[in-house]
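The chain contents come next:
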Amino acid sequence: GIKNGVAKKGLFNKLYFNFCFRFGKAIKELFGFNLGRIIFKPLRKKVGLSSVRLLVCGGAPLPAYIAEGFDLLGIKFLQGYGLTETSPVITLSPFDKPKYASVGKSIMGAELKIANPDKNGIGEIIAKGDMIMTGYYNNPEATSEVLNQGWLYTGDSGWMDKDGYFYICGRLKSVIVTAA
């Protein structure tokens, strides 16, 4: 990655990068201003990211430090969540207030909640809305396993914070991915 490339440039470059990274993080935390667009402009240009201002990730939740790292480099990083059965997105981090560890809030038209939460608030993420499939083609048994009164039981475990942001913890159902 970028940090490995900087480390290969020598001790001074590594120290300078780490100082700028930490300084930028402190300024952002203290004043809400992201210096990354300015400080790391030459670095983004050198690695071919000069025109990138936004990255959106989906597929699996990433560790918070990755999203924060891109953000501190001056590239806004948002996460989303969805499944094939949800056509495909049902959450997205708000552009103006992302939480790095979260997959965001439900999008307009999607209703999400946590089914059967444990004492820590972790349960199965379920979703409802016009973007939810009506069923699996010619497979009513599989459909009845995931759809109940319009709610899609995603098979993903997660929780929702007090601000309505969702977090993925893992899978409740086994998924087999093959080369086909």
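In what follows, the structure referred to is the one given above.
In this report, we go over the structure that sits alongside the text.

## Here's the deal with the packing of helix α2 (residues 11–31) against helix α5 (residues 64–72)
Here comes step 1: In the contact formed by α2 and α5, the axes pass within 10 Å of each other and the chain directions differ by 90 degrees. Comparing their axes, α5 and α2 come out roughly perpendicular. Judged by residue contacts, Phe21, Gly24, Lys25 and Lys28 of α2 engage Glu68, Gly69, Asp71 and Leu72 from α5.
Here comes step 2: Within the contact of α2 with α5, the residues separate by chemical class into two nonpolar, two polar and four charged.

## Let's talk about the pairing of strand β1 (residues 54–57)
Here comes step 1: Note: β1 against strand β2 (residues 76–82), four bridges, orientation parallel. Across the sheet, Cys57 pairs through a bridge with Gln79, a residue of β2.
Here comes step 2: Since β1 and β2 lie parallel, the crossover through α5 that links them has a hand, and here it is right-handed.

## So, a nonpolar patch on the surface
Here comes step 1: A cluster of nonpolar residues, Leu54, Val56, Val89, Leu92 and Phe95, forms a patch on the protein surface that exposes about 390 Å² of accessible area.
Here comes step 2: Among the elements of the structure, β1 and β3 (89–92) are those that each provide at least two residues to the nonpolar patch.
Here comes step 3: With respect to the helices, strands and loops of the structure, Leu92 is situated in strand β3.

## A look at α2
Every α-helical turn comprises 3.6 residues, leaving residues that sit three or four positions apart pointing alike.
Here comes step 1: Compared with an ideal rise of 1.5 Å per residue, which puts 21 residues at 30 Å, α2 spans 30 Å between its outermost C-alpha atoms and is within 8% of the ideal.
Here comes step 2: Buried residues of α2: Phe17, Cys20, Phe21, Gly24 and Ile27, and no others. Buried residues of α2, seen end-on, are gathered within an arc of 130 degrees and therefore sit on one face of the element. Summarising the geometry of α2, the exposed residues directed more than 90 degrees from the buried face are Leu11, Phe12, Leu15, Phe19, Arg22, Glu29 and Leu30.
Here comes step 3: Once α2 ends, the next one or two residues include Gly32, with phi positive near 75 degrees.

## Looking at the packing of aromatic side chains
Here comes step 1: Inspection of the entire model under this criterion finds seven aromatic pairs.
Here comes step 2: Between Phe19 and Phe23, the aromatic rings sit 5.9 Å apart at their centres with planes inclined by 10 degrees, giving stacked as the arrangement. Taken together, the positions of Phe19 and Phe23, both in helix α2 and four residues apart, correspond to about one turn of that helix.
Here comes step 3: Looking at Phe23, the relative accessible area reads 39%, which means it is partly exposed.
Here comes step 4: By way of ring pairs, the aromatic residues Phe17, Phe21 and Phe40 are connected into one cluster.

Rules used throughout
Residues numbered from 1 in each chain as written. Predicted model: local features only at pLDDT ≥ 70, side-chain atom pairs only at ≥ 80, totals over all residues. Heavy atoms only, no water. Axes fitted to C-alpha atoms, helices over the stretch in contact; angles between N-to-C directions. Helix = DSSP H or I, 4+ residues; strand = E, 2+ residues; numbered from the N terminus. Parallel < 35°, antiparallel > 145°, perpendicular 65-115°, else oblique. Contact = heavy atoms within 4.5 Å. Nonpolar A, V, L, I, M, F, W, Y, C, P; charged D, E, K, R; others polar. Pairing = 2+ DSSP bridges. Right-handed = clockwise from strand over helix to strand, strands pointing away. Patch = residues over 30% accessible without salt bridge, like charges linked within 9 Å, V, L, I, M, F, W, Y side chains within 5 Å. Areas by Shrake-Rupley, 256 points an atom, 1.4 Å probe, with all protein chains shown as cover. Salt bridge = Lys/Arg side-chain N within 4 Å of Asp/Glu carboxyl O. Expected span 1.5 Å × (residues − 1). Buried < 20%, exposed > 50% of the residue type's maximum accessible area, 1.4 Å probe, protein only. Arc of directions from axis to C-beta. Phe/Tyr/Trp six-rings, centres within 6.5 Å; stacked < 30°, edge-to-face > 60°.

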